[in-house]
Amino acid sequence: LYAMRYGTVPVVHAVGGLRETVMPYDPYKDTGTGWHFQEAVTGQFIDCMGNALKTYRENRDSFGRIQERGMQQDLSWELAAQKYEDKLIEAKYSW
């Protein structure tokens, strides 16, 4: 996640916080911050890397926008702590 701040585009196994932090790239909507693969198997990783490399090679403008979106995200602990606190307060008053 630190690498995203400096323009590295992630290709991740979609588990835990990575699933929530790295939004899958959608070429039709031009959204997302990287690529996911669902199972930790070689074929899915290779396919995912292939999609990332194809975007890099064939559509540098889109790849650049993916980098920019990743760099603009606020992944600070302060924001994470605030969201967590908000959820706790919401739960407290939901009784």
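Everything below is about the structure shown above.
The following paragraphs examine the structure supplied in this document. (Residues numbered from 1 in each chain as written. Predicted model: local features only at pLDDT ≥ 70, side-chain atom pairs only at ≥ 80, totals over all residues. Heavy atoms only, no water.)

**Describing the layout of surface pockets**
Applied cut-off: Every definition here rests on a 1 Å grid over the protein atoms only: cavities are sets of points where a 1.4 Å probe fits but cannot get out, pockets are open sets enclosed by protein on both sides within 12 Å along at least five of seven lines, and lining residues have some atom within 4 Å of a point. Grid points are joined across faces, edges and corners, and a volume is the space filled by probe spheres set on the points. The way it works is that DSSP assigns letters per residue, a run of H or I at least four long becomes a helix, a run of E at least two long becomes a strand, and they are numbered from the N terminus. Lys, Arg, Asp and Glu make up the charged group, whereas Ala, Val, Leu, Ile, Met, Phe, Trp, Tyr, Cys and Pro make up the nonpolar group; the residues left over, Gly among them, are polar.
The calculated volume of the largest pocket comes to roughly 620 Å³. Along the walls of the largest pocket sit 17 residues, with Leu1, Thr21, Asp74, Leu75 and Ser76 positioned nearest its centre. Residue assignment for the lining of the largest pocket shows that the elements contributing at least two residues are α1 (2–5), α2 (16–21) and α5 (77–92). Split into classes, the residues belonging to the lining of the largest pocket amount to 8 nonpolar, 5 polar and 4 charged.

**So, the nonpolar core**
Note the cut-off: Within this scheme, the nonpolar core is defined by two criteria: the residues are buried Ala, Val, Leu, Ile, Met, Phe, Trp, Tyr or Cys, and they are joined through side-chain atoms within 4.5 Å. The buried label goes to any residue with under 20% of its type's maximum accessible area, the exposed label to any with over 50%, and the partly exposed label to all in between, with areas taken from a 1.4 Å probe on protein chains only. It only takes one pair of heavy atoms within 4.5 Å for two residues to be counted as in contact.
Val9, Tyr25, Trp35, Phe37, Cys48, Ala52, Phe63 and Ile66 together form the largest nonpolar core, which totals 8 residues. If near-sequence neighbours (up to four positions away) are discounted, Phe63 is found in contact with Val9, Trp35, Ala52, Thr55 and Tyr56.

**Some words on the pattern of salt bridges**
Worth spelling out the cut-off: Here a salt bridge means any side-chain nitrogen of Lys or Arg lying within 4 Å of a carboxyl oxygen belonging to Asp or Glu.
Here the structure, examined in full by the defined rule, presents 3 salt bridges. Between Asp30 and Arg65 there is a salt bridge, and its shortest N-O distance comes to 2.5 Å. On the criterion of sequence distance, the pair formed by Asp30 in the loop between α2 and β2 (35–37) and Arg65 in helix α4 (residues 60–72) is long-range, its members being 35 residues apart. On the basis of relative accessibility, which here comes to 32%, the residue Arg65 falls in the partly exposed class. A salt bridge links Asp30 to Arg69, with the nearest nitrogen and oxygen atoms 3.8 Å apart. Linking Asp30 in the loop between α2 and β2 with Arg69 in helix α4, this pair joins segments that are 39 residues apart in sequence. Here the salt bridges share partners, and the residues they tie into one network are Asp30, Arg65 and Arg69.

**With respect to the side chain of Ser62**
Condition: We call two N or O atoms a polar contact when they sit within 3.5 Å, provided that within protein one can donate a hydrogen and the other can accept it, with sequence-adjacent residues counted only if both atoms are side-chain atoms.
Along the polypeptide, Ser62 turns up in helix α4. A polar contact of 3.1 Å, which involves the side chain of Ser62, links it to the side chain of Asn59. Contact partners of Ser62, with chain neighbours within four places excluded, come to Tyr25, Asp30 and Thr55.

**So, the packing of aromatic side chains**
The following threshold applies: Side-chain rings of Phe, Tyr and Trp (the six-membered ring for Trp) are treated as a pair once their centres are within 6.5 Å; stacked means planes under 30 degrees apart, edge-to-face means over 60, and tilted covers the remaining angles. Each ring is checked for a lysine NZ or an arginine CZ that lies within 6 Å of its centre and within 35 degrees of its normal; such an atom marks a charge sitting over the ring.
Scanning all chains against the criterion turns up 4 aromatic pairs. Here Tyr56 and Phe63 contribute two aromatic rings whose centre-to-centre distance is 5.1 Å and whose plane-to-plane angle is 75 degrees, an arrangement assigned as edge-to-face. Among the aromatic residues, ring-to-ring pairing joins Tyr25, Trp35, Tyr56 and Phe63 into one connected group. Here the guanidinium or amino end of Arg60 rests over the ring plane of Tyr56, the centre of that ring lying 3.9 Å away.

**Comments concerning α4**
Threshold: What a helix should span is 1.5 Å times the count of its residues minus one.
Taking 1.5 Å of rise per residue, 13 residues should cover 18 Å, and α4 covers 18 Å from first to last C-alpha, within 8% of that figure. Of all the positions in α4, only Ser62, Phe63, Gly64, Ile66 and Gly70 are classed as buried. Where α4 is buried, its residues meet α1, β2 and α3 (42–58).

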